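# Examining the three-dimensional arrangement
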Amino acid sequence: CGCPGSQFDSEDAAAGYQRLDLCDNAMDALNPGKSRKTTDCACSILFILCWAGMLYIAIMGFLHGDPDRLLYGLDYKFDQCGKLNTAAGRGITSLNVNVALTDGNGTKPILLGGRDHTSEPMYYAVAPGGTRFPASYAGICAGVCPNANLERIGYKPSEWVCTGKYYDKSNRPDLTVSGMPYIRSFTKAGVDSFVSDVESMGSKLKEQNAYLTSFFLFKTSTEGCPDTAANDDERCTICYPSYPTVSYGASAYCLPNLTFIAENKNMIASVLGDKFDLGAISSAADKILGSGGATTLQVIADAYTALPVILGCMGAAIIVGFIWAFLVRLFVKPMMVVTIIGVFIGLALGVWTLWQKANEMRNSALYGVNDNFTAYADVTMGFFAANAACLALYTIFILCFGRSIFLAIGVIVEASKALAAMPALLFVPVLPAVLTFGVFVYFVIAAFYIASTGELKMDGSGVAQIKYDDNLKGALAFHFFGCLWSSVLLNHVGWAIVGMSVVQWYFARDKSADIGRTPVLTASGRVLRYHFGSVVFGSLIVAIVKYIRYMMHFVKKYITPENAVCGSFIKCIWCCIDCCLRCFEKLLEFISRNAYIIVAVESESFCTSARHAFGFLVSNLGGLAMVQVIGDSFLFLGKAFVALVSTGIAAIILTQSPWYNLNTTSIILPCTIVFIGAWMIGSLFMGIFEMCIDTIFMSFLIDEDKKLGFADGALKAFIADASKGKGEKVTSSTKGKATTSAPNVKPTVQA
């Protein structure tokens, strides 16, 4: 090749494109005398136009949207919690505005409250709106959640929550006057005595009497609170007892303590009657959170408490992944043994930990008494059973396929040699992963702004009362597709860079001198300079299938019939369609990966390269099956090793640390989050090996077809052994196999 490292790296920037033509081993070996050309330029232009449209939509959202409308609740007067709601603060000229009706047909005038809630960010649903309030739930804004973390009803007058005149506690009268009536006990007799005392109080204490008679039991009139009523309107002034609430993390909502309500709603109804319907609020929260609402809240609380452990173990997963990949490239066979044993130990440790925790919870005095604790204990036992089943299946898998895994050593050794020659390949997934995270953050922020540009609705549950027209829905859908395409593209760029690097290494006669001092950087330049359009094309096809699948999940929520039999049938059909689309998506990803390899070799367009790659693979199905099944099995073990080590660390900390053991009910969700995150991190590193293996296999097929002699003995032996059972020979002369007579590698599948 003639590209000594010092000369190769000392070229000035002006000769950058010319420098990419040096050390192009694949082109020199297979297409001597030809230069690399730019492919699929139109796709690059299409991607740029897509991002231009996305940026235009995002800028419009930033200029006209307000994400706080989605993050914070709206009280019964449509004032937003945590915001200054005066006309000046809202950017309007008057608090008299028109809002859209619930059914979307027309508008209705209302008078906004105009209150200053900058120090009151928490939304609290006082009671169902019914006929009294225009909103379906009458809510207020509070600085702290009323009756927070308590296990009783706030029935005393000083603990009431009020709308109207007494919304602001500074407007309430002094309740310490001698002889002031109060509810002595939360019983039917106690409440009846209070009502009688207030009625006999008369005009002795006029202000106190006005406040006490605002209690909802005295409000017998069916006249509601008009939309255009002032803040201190008597018809809107109603006080209710406060119910126990909880809030988690940075939540802006005071959520009802569903366990307390479920256990005491009958007693509360017997004391206060059906006018104070906590069951409706409980049902609304359950509808939002799921049928196990209270358990869901506790699970979220456990994850929030264990957040430092979760983040720490995610960092540990990155370290474990680097160490695993580094050691595999140095010690292939020993690391295969360590990985197999390590996965077994990780699963066994998980079984033992879950068994200990499940037994501890089932032997607790709370088991069978507290519904949430009982559900947690049963879920933990279920995870133990699932983990035990995985351990049994894993053991059977190793006993059946252990020898076959070691047969794949030829390809894996070659992959480790490539990594040893180009250690920078280990860092290839890092930048795409960081950029993908950046795209995700951009999408979330921009989506909040775009979604918040909709028109304010008149009714709702106090949350996200926004009207979305077709244009806004289309803008959100387009923005989502653009970000999805970008995330897929970043992943595919990483594949293409690895493929280009390994191809140049494979077809180098001198594997140390002929690849240059910065082979990965040079490969990145070639991919972005010559073949970015082809990568855009391949990622677009995959992104379209992903988008269709995600949209099907979105639509499914709105069209599933309520009928049990028909609904189950429809769900089954949806699952089958989703499964088929997912399989098709994986097939397209596989074809794209191999197409990028041929693009690196031939410098042809994506479609042409995909056709040639398909011809090679079809002609060597035996070797392909062995490489994919056995190679993927080894990579699966690598992912499991990284995930289980990280999850095991999290489980040990959460169960052995006294503080976490005291402040968390279960380790299930924190460990699940760690496992999923560590699996994704492990997949980044295993993806390097997967692409290396695919590239080496495809390069070997081309090498054998052209009889160039770049493959070593171990790789030849593995492929020959893999193809032997199929009666195939990897050679250009075999009938029905890949053949070529031109300088370019263009296989055909003969009849």
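Residues numbered from 1 in each chain as written. Predicted model: local features only at pLDDT ≥ 70, side-chain atom pairs only at ≥ 80, totals over all residues. Heavy atoms only, no water.

## A word on the overall build of the protein
Formally: Helix numbering and strand numbering both begin at the N terminus, where a helix is a DSSP run of H or I of at least 4 residues and a strand a DSSP run of E of at least 2. When a residue's accessible area, from a 1.4 Å probe over protein chains only, is under 20% of the maximum for its type it is buried; when over 50% it is exposed; and in between it is partly exposed. Accessible surface is estimated by sampling points in the Shrake-Rupley manner with a 1.4 Å probe; for residues, cover comes only from the protein chains shown.
From N to C terminus, the protein includes 25 helices and 10 strands. A total of 751 residues make up the protein; the buried ones form 50% of that total. Within the structure as shown, the protein displays about 34,300 Å² of accessible surface, and the carbon and sulfur contribution to it stands at 64%.

## A short note on the side chain of Ser 646
Quick reminder of the rule: Two residues qualify as a contact provided that any one of their heavy atoms is within 4.5 Å of a heavy atom in the partner residue.
Its place among the elements puts Ser 646 in helix α22 (residues 621–656). Residue Ser 646 is classed as buried on the basis of its relative accessible area, which comes to 1%. Ignoring any residue separated from it by four or fewer positions in sequence, one finds Ser 646 in contact with Cys 313, Ala 316, Ala 317, Val 674 and Ala 678.

## What about the environment of Asp 28?
On the secondary structure map, Asp 28 appears in helix α3 (residues 25–30). Its relative accessible area of 42% is what places Asp 28 among the partly exposed residues.

## A few points about helix α7 (residues 188–201)
Our working definition: Here a helix's expected span is defined as the number of its residues, less one, multiplied by 1.5 Å. An arc is given here, and it is the one of the directions from the helix axis to the C-beta atoms.
Helix length check: α7 (14 residues) gives 20 Å between terminal C-alpha atoms against 20 Å at 1.5 Å per residue, within 8%. All of the buried residues in α7 are Gly 190, Val 191, Phe 194, Val 195, Val 198 and Met 201. All buried residues of α7 fall inside an arc of 135° around its axis, so they share one side. The outward face of α7, more than 90 degrees from its buried face, is lined by the exposed residues Ala 189, Glu 199 and Ser 200.

## Remarks on the layout of surface pockets
Defined as follows: Space inside and on the surface of the protein is sampled on a 1 Å grid over the protein atoms alone, with a cavity defined as a set of points where a 1.4 Å probe fits but cannot get out and a pocket as an open set with protein on both sides within 12 Å along at least 5 of 7 lines; lining residues have an atom within 4 Å of a point. Grid points are joined across faces, edges and corners, and a volume is the space filled by probe spheres set on the points. Polar here means any residue other than Ala, Val, Leu, Ile, Met, Phe, Trp, Tyr, Cys and Pro, which are nonpolar, and Asp, Glu, Lys and Arg, which are charged; Gly is therefore polar.
The space that makes up the largest pocket amounts to roughly 2,100 Å³. In terms of lining, the largest pocket is formed by 49 residues, of which the most central are Thr 436, Asn 491, Met 680, Ser 683 and Leu 684. Of all the secondary structure elements, the ones that give two or more residues to the lining of the largest pocket are α12 (307–330), α16 (430–451), α17 (470–506), α19 (532–559), α20 (564–602), α22 and α24 (668–706). Among the residues making up the lining of the largest pocket, the classes are represented as 30 nonpolar, nine polar and 10 charged.

## Overview of the state of the cysteines
Formally: By definition, disulfides here are pairs of cysteine sulfur atoms that lie within 2.5 Å.
For the structure on display, the rule yields three disulfides. Here Cys 145 connects covalently by a disulfide to Cys 254, the sulfurs 2.2 Å from one another. Because the sign of the S-S torsion sets the handedness, a value of about -95° for the bond joining Cys 145 and Cys 254 places this disulfide among the left-handed ones. Of this pair, Cys 145 sits in the loop between β4 (137–142) and β5 (161–162) while Cys 254 is found in the loop between β7 (245–246) and β8 (255–256), placing the two residues 109 residues apart along the sequence. Side by side, Cys 145 and Cys 254 carry an identical accessibility label, which is buried. Cys 483 supplies the cysteine sulfur nearest to Cys 50, a cysteine that is in no disulfide, at a spacing of 8.5 Å. Under the relative-accessibility criterion, Cys 50 is labelled buried at 7%.

## Points about a nonpolar patch on the surface
Defined as follows: Only residues whose relative accessible area exceeds 30% and that form no salt bridge are eligible for patches; like-charged ones are grouped when within 9 Å, while nonpolar side chains (Val, Leu, Ile, Met, Phe, Trp, Tyr) are grouped when within 5 Å. The working definition used for a salt bridge is a side-chain nitrogen of Lys or Arg within 4 Å of a carboxyl oxygen of Asp or Glu.
On the surface, a cluster of nonpolar side chains totalling about 480 Å² of accessible area is made up of Phe 62, Phe 437, Phe 440, Val 441 and Ile 445. For the nonpolar patch, the leading source of residues is α16, giving four residues. Within the secondary structure, Phe 437 is located in helix α16.

## Observations concerning the environment of Leu 587
You can see Leu 587 is positioned in helix α20. Its relative accessible area of 43% is what places Leu 587 among the partly exposed residues. Expressed as a C-alpha distance, the spacing of Leu 587 and Val 542, which sit 45 residues apart in the sequence, is 9.3 Å.

## So, the packing of aromatic side chains
We count it as follows: Aromatic rings from Phe, Tyr and Trp, with only the six-membered ring used for Trp, were paired whenever their centres fell within 6.5 Å, and each pair was classed as stacked if the ring planes differed by under 30 degrees, edge-to-face if by over 60, and tilted otherwise. Think of it as a cone above the ring: NZ of Lys or CZ of Arg counts as a charge over the ring if it is within 6 Å of the ring centre and within 35 degrees of the ring normal.
Evaluated as defined, the whole model comprises 26 aromatic pairs. On the basis of an interplanar angle of 45° and a centroid distance of 5.0 Å, the ring pair of Trp 355 and Phe 384 is categorised as tilted. Note that Trp 355 is positioned in helix α13 (residues 332–362) and Phe 384 in helix α14 (residues 371–407), a separation of 29 residues in sequence. Overall, the relative accessible area of 37% leaves Trp 355 in the partly exposed class. What links up through ring pairs into an aromatic cluster is the set Phe 47, Phe 443, Phe 480, Phe 481, Trp 485, Phe 532, Tyr 547 and Tyr 550. The positively charged end of Arg 593 is found above the aromatic ring belonging to Trp 495, 5.3 Å away from the centroid.

## Here we look at the pattern of salt bridges
Overall, the coordinates contain 14 salt bridges when judged by the stated rule. Across the pair Arg 90 and Asp 79 runs a salt bridge whose closest N-O atoms are separated by 2.9 Å. In this pair, Arg 90 sits in helix α6 (residues 87–90) while Asp 79 sits in the loop between α5 (68–71) and α6, placing the two residues 11 residues apart along the sequence. Between Asp 197 and Arg 184 there is a salt bridge, and its shortest N-O distance comes to 3.6 Å. Of the two residues, Asp 197 is situated in helix α7 and Arg 184 in the loop between β5 and α7; the sequence distance between them amounts to 13 residues. Look at Asp 197 and you get partly exposed, because its relative accessible area is 25%. Looking at Arg 184, the relative accessible area reads 51%, which means it is exposed. Linked by salt bridges that have partners in common, Lys 546, Arg 549, Asp 578 and Glu 585 make up one network.

## Overview of the nonpolar core
Rules: Working definition of a nonpolar core: buried Ala, Val, Leu, Ile, Met, Phe, Trp, Tyr and Cys residues. They are joined through side-chain atoms within 4.5 Å.
Counting 122 residues, the largest nonpolar core has Trp 324, Leu 425 and Phe 507 as the members making the most contacts within it. Residues within four places of Trp 324 in sequence aside, it is in contact with Met 335, Thr 339, Phe 634, Gly 638, Phe 641, Met 686 and Phe 689. If you look at the next biggest cluster of nonpolar residues, it comprises 47 residues, including Ile 153, Val 198, Phe 216 and Val 271.

## Topic: helix α18 (residues 519–530)
The terminal C-alpha atoms of α18 lie 16 Å apart, and with 12 residues this matches the ideal 16 Å at 1.5 Å per residue to within 8%. Within the span of α18, buried status applies to Pro 519, Val 520, Thr 522, Ala 523, Ser 524, Arg 526, Val 527 and Tyr 530.

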